[in-house]
Protein chains: 2
Amino acid sequence: MVNIGLLGFGTVGIGVFQILESREEELKNICGCHIKIKKILVKDLNKNRPIKVDASIITDNFDEILEDEDISIIIEATGALEEGYTYISKALKAGKHVVTANKAVVSKHFEELTELADKMDLYFLYEASVGGGIPIIKNLKELLVLNEIVEIKGILNGTCNYILTKMEEGLNYSEALKIAQEKGFAELDPTDDVEGLDARRKLRILGSLALKAKILEKDIFLRGLRGIGPIDIEYVDKMDGAIRLIGEIKVSQNGYTAIVEPIIVSKNSPFYNVHNEKNAVLLRGDQVGDLIFYGSGAGRFPTAHAVLCDVIDIVRGVETIERSLAIRELENINKTIKGRYYLRLSKSSQDIYTILESIAWEVLHKEENIIIMTKDMFLNDILKLIKVLEVKEEDYFLARKEG
Amino acid sequence: MVNIGLLGFGTVGIGVFQILESREEELKNICGCHIKIKKILVKDLNKNRPIKVDASIITDNFDEILEDEDISIIIEATGALEEGYTYISKALKAGKHVVTANKAVVSKHFEELTELADKMDLYFLYEASVGGGIPIIKNLKELLVLNEIVEIKGILNGTCNYILTKMEEGLNYSEALKIAQEKGFAELDPTDDVEGLDARRKLRILGSLALKAKILEKDIFLRGLRGIGPIDIEYVDKMDGAIRLIGEIKVSQNGYTAIVEPIIVSKNSPFYNVHNEKNAVLLRGDQVGDLIFYGSGAGRFPTAHAVLCDVIDIVRGVETIERSLAIRELENINKTIKGRYYLRLSKSSQDIYTILESIAWEVLHKEENIIIMTKDMFLNDILKLIKVLEVKEEDYFLARKEG
């Protein structure tokens, strides 16, 4: 019998509980023992819950779980940054394996928690923290044995992608966001999603694993979806492309670049047909070539599924192929990020137009909005120019053309 | 030290040898021991080889490898059906683990060899037999713990897909095939590829694992690319679609359907942007939803990479999550396969036209060729009609519309 302490009983926690119930027999066959949730930590003991759970296993006292010596695995599914971190580090220090879906905690404390788990000879697994149901972490770790990973590129945030799909179907940004919130993809405060903070956390986790170097959130250039409007969707569609918020890390001889930004993908791109809340991650290995993993980036059962894959690996004693993090020094060369950019300004004047024309490879539109495709330029130079022009953040949209 | 006997030193064998050399240090770190190729079986000792290998490890005598007690793992990379089968079964009987890239052997003797390996308590792994470098077999096996797989759908043959891409670029079938052969994707005798036999073998392997039922090659309805011409590419493009050779298994309450046939995918399909020799496989699990795995379906290093992933799992003693094959009885209901079909006949008459019009949802073309989209119909009924019309195989092309 393996006893689990489940922290949090929201979307993910309930999914974990339900899958464990419905696949009891199969899990017993594979794991050779029964996997049981012994305690569930909740904030409010009296809250009405969508499923029935024996009241005796619900607690609002974390210490009760921490001190229960029968509990060997903690599933952290609170989604809270501070509490999540406290629970995870206390659990590891108390000798319990940890599985988490909490990307904010993993991103902020990745090296520290990995080291702590190593020191305690415990598992610290976080498949569900990136790509929802896609088994991207495990596959990435396995690829590292035979490959140098030279590129990572992915649609890592289901909410943004959902919003983009809905805008392609004709809605404006606010309408699209509202539906995403109703469907449970987007939080009430969508800042983390639409500004790209969530995607950056996931890229930080993937990048640190893949490059074996310390790639922190601050090392990743970030530009979210702010400013996007129906006119951008329309013009990019005319170019036979589509806008996707993409996280990308590229390694070269001189260092690495890391960025999350809106990208215009062509209709031949494997990212073109990633719609709604789906995620897709490309890993380029020097031996295996390009692999792409695609699936649900959010949702109760896909995420709970990823959590339980980690639990199974712990119970079966499958040693995770994991090298120490941060064993390589790599120079960050984000200042070299360049490309041809789509730029739309909604406030304009003859002066602004004259300046934009000087960097334009093509002027696409010139009325109340100015839309250009720039020449091949450094991103930094474009942003400097925008600053000089004193354009507000909500009055422009900038997206790099893929390739 | 783990000693390997490598059978065959062609494309895949040489790739295995080279990756083992270049990743020696990493493999030692992960596996805790050195992995060494002790013997290589070749047909002709004196053949000129593209890479230098110590002559003392080359042999043309299989028994020398079989009787070498230091060799614990056999990599079978001969590509030959009869010999491959003999080597694999002898190796298992002699107590050696087996890794193979040989889809023909796995497909033909899947249950028998799996049982033999189980009985001997040995590994029999075959990641490279499906999807080239894509880790599809391992991911599928892991998904089976928490999911019922209700659908498999994949582009499983790199040669066919390469030919289709080249035809989309304007070549005719023979020109496209010739380039595929020059690039080393297609064999001199391309029958197995273009008639869909190779894709069927791979679907048989995936389907048997996923459904835990005996799904033999004969249970899979097969229609290859025969008959396809530039006019079909052109018309399907006009419909905003593309033709892909797709293997598909669907499970319902009444049984399962299994078919390899040309499918018209829409430009919103995840298969639309699978070009050249790439493969992509969709697995639909009842918990995780749709997962798609995409990568190189052929080529030296991707395939050798897959072989070595299996070797690593054996050396690290990672128990493969594998249930017994064929533990479920499922009824084959291929007779229920239906859809809207694109049908082009290159020989025609007023009589034929009148008959086709009666099953047409839309007539797309009516000159020297007749092209129709049929109503929603059983495939069997369309094929019966074609037979009644006495149309030769090379004089028509038939592709189902996806969805």
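Residues numbered from 1 in each chain as written. Chains lettered and ligands numbered in written order. Predicted model: local features only at pLDDT ≥ 70, side-chain atom pairs only at ≥ 80, totals over all residues. Heavy atoms only, no water.

Things to note about the relation of the copies chain B and chain A
- Once chain B has been moved 0.0 Å along the axis and rotated by 180°, it coincides with chain A to within an RMSD of 0.0 Å. What we have between these two chains is a two-fold relation. Closest approach to the rotation axis among the C-alpha atoms of chain B is made by B:Phe293, whose C-alpha sits 2.5 Å away.
- Looking at the interface residues of chain B, 100% of them are also at the interface in chain A, so both copies use one shared face. (Least-squares fit on C-alpha atoms with pLDDT ≥ 70 in both. Contact = heavy atoms within 4.5 Å.)

A look at the interface of chain B and chain A
- On the side of chain A, 47 residues touch chain B, which itself brings 46 residues to the contact.
- Buried surface at the junction of chain B and chain A, summed over both partners, amounts to about 4,000 Å²; 54% is from carbon and sulfur atoms.
- Among the residues chain B hides against chain A, the three largest losses belong to B:Arg23, B:Leu146 and B:Gln287. Together they make up 17% of the total.
- The shortest N-O distance in the salt bridge between B:Glu142 and A:Lys138 comes to 2.9 Å.
- One can count 21 residue pairs in polar contact (both at pLDDT 80 or more) joining chain B with chain A.
- Here the residues of the side of chain B that touches chain A are counted per class, giving 23 nonpolar, 13 polar and ten charged.
- Judged from the three bridges that link them, strand β12 (residues 289-296) of chain A and strand β12 (residues 289-296) of chain B form a sheet pairing that is antiparallel. Within the sheet, the bridge partner assigned to A:Ile292 lies in β12(B) and is B:Tyr294. (Buried area = accessible area lost by both parts, 1.4 Å probe. Salt bridge = Lys/Arg side-chain N within 4 Å of Asp/Glu carboxyl O. Polar contact = N/O pair within 3.5 Å; in protein donor to acceptor, adjacent residues only side chain to side chain. Nonpolar A, V, L, I, M, F, W, Y, C, P; charged D, E, K, R; others polar. Pairing = 2+ DSSP bridges. Helix = DSSP H or I, 4+ residues; strand = E, 2+ residues; numbered from the N terminus.)

Points about the packing of aromatic side chains
- One pass over the full model with this rule turns up eleven aromatic pairs over all chains.
- For the pair A:Phe293 and B:Phe293, a centre-to-centre distance of 5.9 Å together with 85° between the ring planes defines the contact as edge-to-face. Note that A:Phe293 is positioned in strand β12 and B:Phe293 in strand β12, a pairing that runs across two chains. Of the two residues examined, A:Phe293 and B:Phe293, each falls in the buried class.
- Each member of the aromatic cluster is reached from another via a ring pair, and the members are A:Phe110, A:Phe124 and A:Tyr126. (Phe/Tyr/Trp six-rings, centres within 6.5 Å; stacked < 30°, edge-to-face > 60°. Buried < 20%, exposed > 50% of the residue type's maximum accessible area, 1.4 Å probe, protein only.)

Considerations on the domain arrangement of chain A
All names here are of chain A.
- By domain assignment, chain A separates into domain 1 (2-125), domain 2 (136-296) and domain 3 (337-401).
- The C-alpha centroid of domain 3 is placed 23 Å from the C-alpha centroid of domain 2.
- Opposite the 21 residues of domain 2 that make contact, domain 3 presents 20 residues.
- Between domain 2 and domain 3 the total buried area reaches about 1,800 Å² when both faces are included, carbon and sulfur atoms providing 62% of it.
- There are four salt bridges connecting domain 2 and domain 3. (Domains from an automatic or database assignment.)

Section: the pairing of strand β13 (residues 338-345) of chain B
Residues and elements named next belong to chain B.
- Within β13, six of the eight residues are buried, which leaves it mostly tucked inside the rest of the structure.
- With seven bridges joining them, β13 and strand β15 (residues 370-378) adopt antiparallel strand pairing. The partner of glycine 339 across the bridge, within β15, is methionine 377.
- When β13 meets strand β16 (residues 396-401), the two strands line up antiparallel, connected through five bridges. Paired with tyrosine 342 across the strands is alanine 399, a residue of β16.

Details of helix α7 (residues 158-168) of chain B
All names here are of chain B.
- For α7, the tally of buried residues reaches ten of eleven residues, placing the bulk of the element in the interior.
- Those residues of α7 lying buried are Gly158, Thr159, Cys160, Asn161, Tyr162, Ile163, Leu164, Thr165, Lys166 and Met167.
- For α7, the elements touching its buried residues are β7 (149-155), α8 (173-182), α9 (191-194), α11 (230-238), β9 (241-252) and β11 (278-285).
- Two or three places before threonine 159, at the start of α7, stands the capping residue asparagine 157, its side-chain oxygen 3.1 Å from that residue's backbone nitrogen.
- Downstream of α7 by one or two residues, glycine 170 has phi in the positive range, about 115°.

So, empty space enclosed by the protein
- Counted according to the given criterion, the structure contains nine cavities of 30 Å³ or more.
- A volume near 380 Å³ is recorded for the largest cavity.
- Along its surface, the largest cavity is lined by 33 residues, and A:Asn139, A:Glu142, B:Pro135, B:Lys138 and B:Asn139 are the ones closest to its centre.
- Of all the elements, helix α6 (residues 136-146) of chain B adds the most residues to the lining of the largest cavity, at six residues.
- Counted as a void, the second largest cavity has a volume near 150 Å³.
- Taken together, A:Pro270, A:Asn273, A:Val274, A:Ala280, A:Ile292, A:Tyr294, B:Pro270, B:Asn273, B:Val274, B:Ala280, B:Ile292 and B:Tyr294 make up the lining of the second largest cavity.
- If you list the elements that add at least two residues to the lining of the second largest cavity, you get β12 of chain A together with β12 of chain B.
- Looking at side-chain class alone, the lining of the second largest cavity contains ten nonpolar, two polar and no charged residues. (1 Å grid on protein atoms, 1.4 Å probe; cavity = no way out; pocket = protein on both sides within 12 Å on 5 of 7 lines; lining within 4 Å. Points joined across faces, edges and corners; volume = space filled by probe spheres on them.)

Looking at the pairing of β7(B)
Residue and element names in this part refer to chain B.
- Where burial is concerned, most of β7 is hidden: six out of the seven residues are buried.
- Alignment of β7 against β11, held across six bridges, turns out to be antiparallel. Across the sheet, residue isoleucine 155 finds its bridge partner in β11, namely alanine 280.
- Pairing between β7 and β9: four bridges, direction antiparallel.

Observations concerning helix α2 (residues 24-31) of chain B
- All of the buried residues in α2(B) are B:Glu26, B:Leu27, B:Ile30 and B:Cys31. The buried residues of α2(B) occupy an angular sector of 115° when projected down its axis, which confines them to one face. Opposite the buried face of α2(B), by more than 90 degrees, sit the exposed residues B:Glu25 and B:Asn29.
- Of the surrounding elements, those touching the buried residues of α2(B) are α6 (136-146) of chain A together with α1 (11-22), β2 (35-41) and α12 (300-315) of chain B.
- One or two positions beyond α2(B), positive phi appears at B:Gly32, with a value near 75°. (Arc of directions from axis to C-beta.)

Section: the sheet that holds strand β4 (residues 71-76) of chain A
Residue and element names in this part refer to chain A.
- If you walk across this open sheet you meet the six strands as β3-β2-β1-β4-β5-β6, and the pairing is parallel. Each edge of the open sheet is held by one strand with a lone partner, namely β3 (58-59) and β6 (124-125).
- As judged from the four bridges shared by β4 and strand β5 (residues 97-100), these two strands associate in the parallel manner. Bridge pairing links glutamate 76 to threonine 100 in β5.

A short note on the sheet that holds strand β5 (residues 97-100) of chain B
Residues and elements named next belong to chain B.
- Pairing in this open sheet of six strands is parallel, and the strands run β3-β2-β1-β4-β5-β6 from one edge to the other. The outermost strands of the open sheet, each flanked by one partner alone, are β3 (58-59) and β6 (124-125).
- As defined by bridge partners, β2 adjoins β3 across two bridges and the pair is classed as parallel. Considered in β3, the bridge of isoleucine 40 is made with isoleucine 58.

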